[in-house]
Each structure stands twice: as structure tokens, then as C-alpha cells.
Amino acid sequence: MIELYFGPGACSFVPHVALEIIKARTGEDFTPHMVKLHKQEQRSPEYLAMNPDGLVPMLRVGDQSLTQIVAICDYLDRRYPQVGLLPSENWARAQAMSQLAWMNNTAHPSFTHVFMPHKFAETEATQAELKRFNAALFRKHLERVQGWVKDCPAYWLGDQPTFHDAYALTLLRWGGFAGIDPDSLPQLKAFVDRVAAAPAVASAMERERLRLDTFKKA
Ligand SMILES: N[C@@H](CCC(=O)N[C@@H](CS)C(=O)NCC(=O)O)C(=O)O
């Protein structure tokens, strides 16, 4: 059985939702392992032995590890083609991968600079600057995501949620921590509310004890 190592509210929500969808569609279950990131469990010797990067998500298949969301999503889609997590037509699949990669390598790291500036600079002044600059950049990234989803009649790629929907939800939740009011992105917020209500997404949210209202009004 596939095992998923995830941190509540982290980007590991993306494969977490996918595994819930796979379970619902195929009956194939997975074993979730919660990694408490605030307790630095990702740096324990046991975890580092499986994933030297000390990050989530990590998929375990037998005694092998798979890291990096884009690779994990590609693997899950190819292992369960009948679930249709990504389009099967070549060009449409490549475009979907392009959007997924952008969320992972552009939007996501700009938030990391807001949430963990100490990973990128030593002095407090530089960290404060990184936070301020990247919070504004992250807002632009959320606007781009909103542009992609605003006309979706149901979910990002069709009539069932997939990786992209889970990433959009994660990024908007993170926006609240970066001081971005979700009400200022009404089309993205409406989309994410719809995504959160999908049963597979709701199951993953329940396991992670996630709420959408991360924004604190001043
Ligand atoms: N590019 C990596 C990013 C993974 C990542 O940044 N994970 C974060 C959570 S969103 C993490 O584990 N952070 C813990 C830490 O930095 O100690 C991927 O796609 O898996």
C-alpha cells in the first residue's frame, strides 16, 4: 500500500487529496503518516534516512521514497490512469503539468520566503524585506491562479477535483498567513470554497484539521 508522509496545511495536501480521490474511485487505500513540521519531525534521523531533504510530501512505495510534488503527481496519474487525474491527450497533459510546475516552483517558493525568510537570509532586516517583497509577489501569483480558475464551471481540469484544485486551495490558505484577505480575490475564494466541499478534499482537510479562514482581519 502507498504511504504518504504529510504535514498539516503543507503542500503535501496536493498528493493527499489525490490519494483520497484514488481511494474513492478505485477502492485502493493508502497509509497516511502525519509529520509535525513545527516539532521538526521532518529532521528526525528516521525521517532523514528516508528523505535527506527533510521535507514533505514523501511517498513511500514499498521501501522506496518518492519526493517532489510534480514527480509524485506524475507517478500517481500514471499508476492510476483510469482515475483521470491529468488529461490523457499529450498537449492538454503538458499544459496541465506546466501549470502544476508553476504553482510548485514559482508561487510556492514566494510564499516560503514570507513564511520562512530565515531559510534565505541571516539578518532580521533582510528577512523583513524578503517577507514584505514576497507577500506582494505572492498576491500577484494568486491573481494569476484566479485568472485560471474564474471561469471553471466545476473544477480546474473538469468534473472532479485534482492536484491543481488542491494546490489552489493550499495557496489561498497560505495567502491568509501572508496577510492577503481572500475576500479581495472573490473568484478564487468561491472556487476554493467549492473545491473544499468535494468529498475527497473534505476528507483530506478533516485528517489535517484544516480550516480555510487563515486570514486575520486587523
Ligand atoms: N519542491 C518541494 C517543496 C517541498 C516543501 O517545500 N515542503 C515544505 C512544506 S510546504 C516542508 O516540508 N517544509 C519543512 C521545512 O522546511 O522544514 C516539493 O515539491 O515537494
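What counts and how
- Residues numbered from 1 in each chain as written.
- Predicted model: local features only at pLDDT ≥ 70, side-chain atom pairs only at ≥ 80, totals over all residues.
- Axes fitted to C-alpha atoms, helices over the stretch in contact; angles between N-to-C directions.
- Helix = DSSP H or I, 4+ residues; strand = E, 2+ residues; numbered from the N terminus.
- Parallel < 35°, antiparallel > 145°, perpendicular 65-115°, else oblique.
- Left-handed = near helix turned anticlockwise from the far one by under 90°.
- Contact = placed C-beta atoms within 7 Å.
- Nonpolar A, V, L, I, M, F, W, Y, C, P; charged D, E, K, R; others polar.
- Domains from an automatic or database assignment.
- Core = buried A, V, L, I, M, F, W, Y, C linked by C-beta atoms within 7 Å.
- Buried ≥ 20, exposed ≤ 12 C-beta atoms within 10 Å, placed from the backbone.

Trainee: Could you clarify how one ought to interpret the packing of helix α1 (residues 13-26) against helix α6 (residues 163-177) in this entry?
Mentor: Helix packing geometry: the angle between the two helix axes and the distance between the axes. Look at α1 against α6: their axes get within 8 Å of each other, and the N-to-C directions meet at 140°. In terms of orientation, α1 and α6 fall into the oblique class. Crossing of α1 over α6 shows right-handed handedness. In this structure, α1 uses Phe 13, Val 14, Val 17 and Ala 18 to contact α6, whose residues at the interface are Phe 163, Ala 166, Tyr 167 and Thr 170. Its residues placed into classes, the contact of α1 with α6 shows 7 nonpolar, 1 polar and no charged.

Trainee: What is the right way to look at the domain arrangement of the chain in this model?
Mentor: Accessible area lost upon the coming together of the parts serves often as the stated size of an interface. Parsing the chain into structural domains produces domain 1 (3-83) and domain 2 (90-198). With centres defined by C-alpha atoms, the gap from domain 1 to domain 2 works out at 20 Å. Contributions of two or more residues to the side of domain 1 that touches domain 2 are made by α1 and α3 (69-79). The element that contributes the greatest number of residues to the side of domain 1 that touches domain 2 is α1, accounting for 5 residues. Along the lines of polarity and charge, the residues of the side of domain 1 that touches domain 2 split into 9 nonpolar, 1 polar and no charged.

Trainee: What exactly am I supposed to notice about the nonpolar core here?
Mentor: Within soluble globular proteins, side chains that are nonpolar generally end up buried alongside one another. With 55 residues, the main nonpolar core has Val 14, Val 17, Ala 18, Ala 168, Leu 171 and Val 201 as its most contacted residues. Counting residues per element, this core draws most heavily on α6, at 8 residues. Counting contributing residues per domain, this core is built from domain 1 (3-83) and domain 2 (90-198), each supplying no fewer than three. Those residues within four positions of Val 14 in sequence are excluded, and the remaining contacts are Ile 69, Cys 73, Phe 163, Ala 166, Tyr 167 and Thr 170.

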